[in-house]
Amino acid sequence: MQGAAGRTFDVIVVGSGASGGWAAKRLAEAGVKVGLLDAGRALTDADYKEHQPAFELKYRNNAPEAIRRTRPVQKDCYACSEWNYDWFRNDLAEPYTTPAGKPFSWQGRMQVIGGRTNVWGRQSYRFSDQDFKGASYDGFGEDWPLGYDDVAPYYDLVEDYVGITGMAEGVYELPDGRFHPPMGLRCVERQFKTRVKQKLGWTMTLGRSANITKPLNGRAPCHYCGPCERGCMTHSYFNSAFTTVADALKTGSCTLVPNAMAYKVLMDPVKHRARGVLYVDRVTREPKEVYARAVVLCAQALESARILLNSGGEQDPNGLANSSGALGHYLMDHLWVAGGASGEFPDLASRDQKPTVDGPHRPDGIYVIRFRNTKDGPKDKRFLRGYGFQGGGSSSFNWNAPGFGAEFKKSLLDPVVSMGLAGFGECLPYYENYVEIDPNVVDAFGIPVLKIHMAFGENEKKIIPDMMESAAEMMSAAGAKNIRPWMVMDRIPGYGIHEMGVARMGKDPKTSVLNQFQQAHDVPNLFLMDAASFTSGACQNPTLTIMALAVRSTDYLLGEMKKGSL
């Protein structure tokens, strides 16, 4: 919307992704006047290209270097392709810096309404009570200032609205949710699940994915076309742009302000309260201001920290809401695809299971639930916390068939049934992993950029070989042949695209930035409702927990507003 500058709202929400969409929806539906700022532009169904074949593209999606000219970092994201690269920010115009010898790949930086929910992997897992209280279990770090029972009702609410396909397993380490009918497992996955459970006691389940399998709120069930990262014209996966944000706008109480690059939180120096947001218009490059009784940052963990660090002033020389000194510290990202294994299952291959060139594509895989350092199991002597696996089975053509001519063509049609596992491990929260403002670099809008300092620690490095060994052990238990274990010891942080923890929650204002409702200890009318608030990271994908916490915190904010406290 043009002309929002200078307006006063009840609440300003910065960011329209997983958490910002929910905050805007809950506030607007309660009659609160919301100004929803986002750095991106709005997309329509016409922008979604999940059904467009590669041959219709200029480069047939075979010229990655053409994209890297402007997006050298974003192209490393699995979701960035010729179909959608212009949804991602230009790395040259909006850079960040890292110290020598400490690379960090800040991927998935979006410039469209809905943020990462346009392209996310949709894996939606609850945290267990042990995840929230890991420090009590093993002594490292801090417990969250809340537990599973505090979040469970909000997990229910979010899952009912989002729509998540999944299977109940009754495993403490991965609490069951409220699922749509499961998409189903392939034959090889069923065999793997059964044998691994029988022989090792470990649980494989269908990936819990935010793809609906029955109609929901006008959204059609998934039709298995596959490439969800290009958008979805049937709205079958969860994207805040056509769900929570759309709901907020329908109320008439929410004003969307696109192309708004949030720079800093404006403060009342007398009351030391937030009074609005200064942003730069992406199109005109003009600085503008909007005002409100409360400010909610949902810009994405690193972006929200950047805003607070840039908001420092005479009263807050080290960044806003940073009397603890914790702001920017304890950066986490999951140990992504660092170890695993693949294997083949020739006993499941037959002429009756011929692979197809373009059959149905289930937009989901499988998940092996964490089995190290469990609630009732032994404590591993090598490392703290644990990891899970994502992956899946497939039946493909025998591309390595021997021979030539007719014999090769015949052998090519013999299906190869295989299974792959890739580990996702927990990264401990280290004070030494942090972000700060680089005093020497600004982006194209004149906003100082982040300098990111992060490296995986010894605990993470000890997890990686075990990922490889346990994956190979599962393959053997399942009856696989040609088992190929693998590991990557020098995995670069950032590839998990799960940045967490740079404004963590805690009970003690001296060691944390936020309380259990994601409210700043130092500035009561300022909230951070993205993964910046995470006290620890678990090994599960964080988005479901981001959304559940945002709903919980927004309900608290509404209550405080009704009481007149804000």
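For the structure given in this document, a descriptive report is provided here. (Residues numbered from 1 in each chain as written. Predicted model: local features only at pLDDT ≥ 70, side-chain atom pairs only at ≥ 80, totals over all residues. Heavy atoms only, no water.)

**Remarks on the nonpolar core**
Okay, step 1: With 115 residues, the main nonpolar core has Phe192, Val265 and Leu526 as its most contacted residues.
Okay, step 2: What Val265 contacts, discounting residues up to four positions off in sequence, is Ala274, Gly276, Val295, Leu297, Ile307, Leu308, Ser311, Leu320 and Leu526.
Okay, step 3: Among the nonpolar cores identified, the runner-up in size contains 24 residues, and Val11, Ala24, Ala294 and Leu566 belong to it. (Core = buried A, V, L, I, M, F, W, Y, C linked by side-chain atoms within 4.5 Å. Buried < 20%, exposed > 50% of the residue type's maximum accessible area, 1.4 Å probe, protein only. Contact = heavy atoms within 4.5 Å.)

**Some points on the packing of aromatic side chains**
Okay, step 1: Evaluation of the coordinates by the stated rule reveals 24 aromatic pairs.
Okay, step 2: The interplanar angle of 80° and the centroid separation of 6.4 Å between the aromatic rings of Trp120 and Phe238 together place this pair among those described as edge-to-face. Residue Trp120 is located in the loop between α2 (64-68) and α3 (129-132), and its partner Phe238 is located in the loop between β3 (204-206) and α7 (244-250); the two are separated by 118 residues in the primary sequence.
Okay, step 3: Here Tyr148 and Tyr155 contribute two aromatic rings whose centre-to-centre distance is 6.1 Å and whose plane-to-plane angle is 35°, an arrangement assigned as tilted. Both residues of the pair, Tyr148 and Tyr155, count as buried.
Okay, step 4: Grouped by ring-pair contacts, the aromatic residues Trp202, Phe371, Phe383, Tyr387 and Phe389 constitute a single cluster.
Okay, step 5: A cation over an aromatic ring shows up here: Lys264 above the ring of Tyr263, its NZ or CZ 5.0 Å from the ring centre.
Okay, step 6: When the ring centre of Tyr172 is taken as reference, the NZ or CZ atom of Lys375 above it lies at 5.3 Å. (Phe/Tyr/Trp six-rings, centres within 6.5 Å; stacked < 30°, edge-to-face > 60°. Helix = DSSP H or I, 4+ residues; strand = E, 2+ residues; numbered from the N terminus. Lys NZ or Arg CZ within 6 Å of the ring centre and 35° of its normal.)

**Thoughts on the pattern of salt bridges**
Side chains that differ in charge, positive against negative, can pair when their charged atoms come close.
Okay, step 1: Tallied over the full model, the rule gives 32 salt bridges.
Okay, step 2: A salt bridge links Arg89 to Glu94, with the nearest nitrogen and oxygen atoms 2.9 Å apart. With respect to class, Arg89 is no different from Glu94; both count as buried.
Okay, step 3: For Asp156, the salt bridge identified is with Arg126, shortest N-O distance 2.6 Å. Here Asp156 is found in helix α5 (residues 148-162), whereas its partner Arg126 is found in the loop between α2 and α3, with 30 residues between them in sequence.
Okay, step 4: Taking the relative accessible area as the measure of exposure, Asp156 reaches 25% and is therefore partly exposed.
Okay, step 5: Members of the salt-bridge network, linked through shared partners, are Arg89, Glu94, Arg109, Arg282, Glu303, Arg306 and Asp443. (Salt bridge = Lys/Arg side-chain N within 4 Å of Asp/Glu carboxyl O.)

**Some details on helix α10 (residues 458-478)**
Okay, step 1: Look at α10: 31 Å from first C-alpha to last across 21 residues, which is about the 30 Å you get at 1.5 Å a residue.
Okay, step 2: Gly479 occupies a position one or two residues after α10 and carries a positive phi of about 95°. (Expected span 1.5 Å × (residues − 1).)

**Some words on the pairing of strand β6 (residues 273-281)**
Okay, step 1: By the criterion of burial, β6 is predominantly enclosed, with seven of the nine residues buried.
Okay, step 2: Inspection of the sheet shows strand β5 (residues 260-268) paired to β6 by eight bridges, in the antiparallel sense. Its bridge partner lying in β6, Met261 is registered against Val280.
Okay, step 3: Linking two consecutive strands that pair antiparallel, namely β5 and β6, is a turn of four residues; a positive phi of about 55° is found at His272 within it.
Okay, step 4: Across five bridges, β6 lies against strand β7 (residues 287-297) in antiparallel orientation. Note that in β7 the partner of Tyr279 across the bridge is Lys288.
Okay, step 5: Between the antiparallel neighbours β6 and β7 lie five residues, among them Arg285 with a positive phi of about 65°. (Pairing = 2+ DSSP bridges.)

**A short note on the environment of Leu514**
Okay, step 1: Positionally, Leu514 belongs in the loop between β14 (481-487) and β15 (526-528).
Okay, step 2: When the C-alpha atoms of Leu514 and Val151 are compared, they prove to be 16 Å apart, with 363 residues separating the residues in sequence.
Okay, step 3: Here Leu514 is in contact with Ala503, Arg504, Met505, Gly506, Gln519, Ala520, His521, Leu528 and Ser533, once residues within four sequence places are set aside.

**Some remarks on helix α1 (residues 18-29)**
Okay, step 1: Over its 12 residues, α1 runs 17 Å from end to end, which matches the ideal 16 Å to within 8%, given 1.5 Å per residue.
Okay, step 2: The buried count for α1 comes to 10 of 12 residues, which makes it a mostly enclosed element.
Okay, step 3: Along α1, the positions that sit buried rather than exposed are Ala18, Ser19, Gly20, Gly21, Trp22, Ala23, Ala24, Lys25, Leu27 and Ala28.
Okay, step 4: Note on α1: the residue one or two positions beyond its end, Gly31, has a positive phi of about 90°.

**Some words on the side chain of Gln519**
Okay, step 1: By the secondary structure assignment, Gln519 is in the loop between β14 and β15.
Okay, step 2: Among the polar contacts made by the side chain of Gln519, one reaches the side chain of Tyr556 at a distance of 3.2 Å.
Okay, step 3: In contact with Gln519, other than residues within four places in its own chain, are Val513, Leu514, Pro524, Leu526, Phe527, Tyr556 and Leu566. (Polar contact = N/O pair within 3.5 Å; in protein donor to acceptor, adjacent residues only side chain to side chain.)

**Quick look at the environment of Val257**
Okay, step 1: When you line up the elements, Val257 lands in strand β4 (residues 254-257).
Okay, step 2: You can call Val257 buried: its relative accessible area is 3%.
Okay, step 3: For the pair Val257 and Ala341, spaced 84 residues apart in sequence, the C-alpha to C-alpha distance is 46 Å.

**Quick notes on unusual backbone geometry**
Okay, step 1: Unusually for a residue other than glycine, Arg122 sits at a positive phi of about 70°.
Okay, step 2: Assignment of secondary structure puts Arg122 in the loop between α2 and α3.
Okay, step 3: You can call Arg122 buried: its relative accessible area is 8%.

**Notes on the sheet that holds strand β8 (residues 335-344)**
Okay, step 1: Strand order across the open sheet formed by six strands is β3-β9-β10-β11-β8-β14, with antiparallel pairing between neighbours. The open sheet has two edge strands with one neighbour each: β3 and β14. Recorded for the sheet is a direction-independent mean angle of 25° between the axes of neighbouring strands.
Okay, step 2: Summarising the sheet, β3 and strand β9 (residues 366-368) pair through three bridges and their orientation is antiparallel. From the neighbouring strand, Met204 faces β9, where its bridge partner is Val368.
Okay, step 3: Relative to the sheet, helix α6 (residues 187-200) contacts β3, β9, β10 (387-396) and β11 (416-425), its axis offset from that of β11 by approximately 55°.
Okay, step 4: Sheet strands touched by α10: β8, β9, β10, β11 and β14. Its angle to β8, the strand with the most contacts, is close to 20°. (Axes fitted to C-alpha atoms, helices over the stretch in contact; angles between N-to-C directions.)

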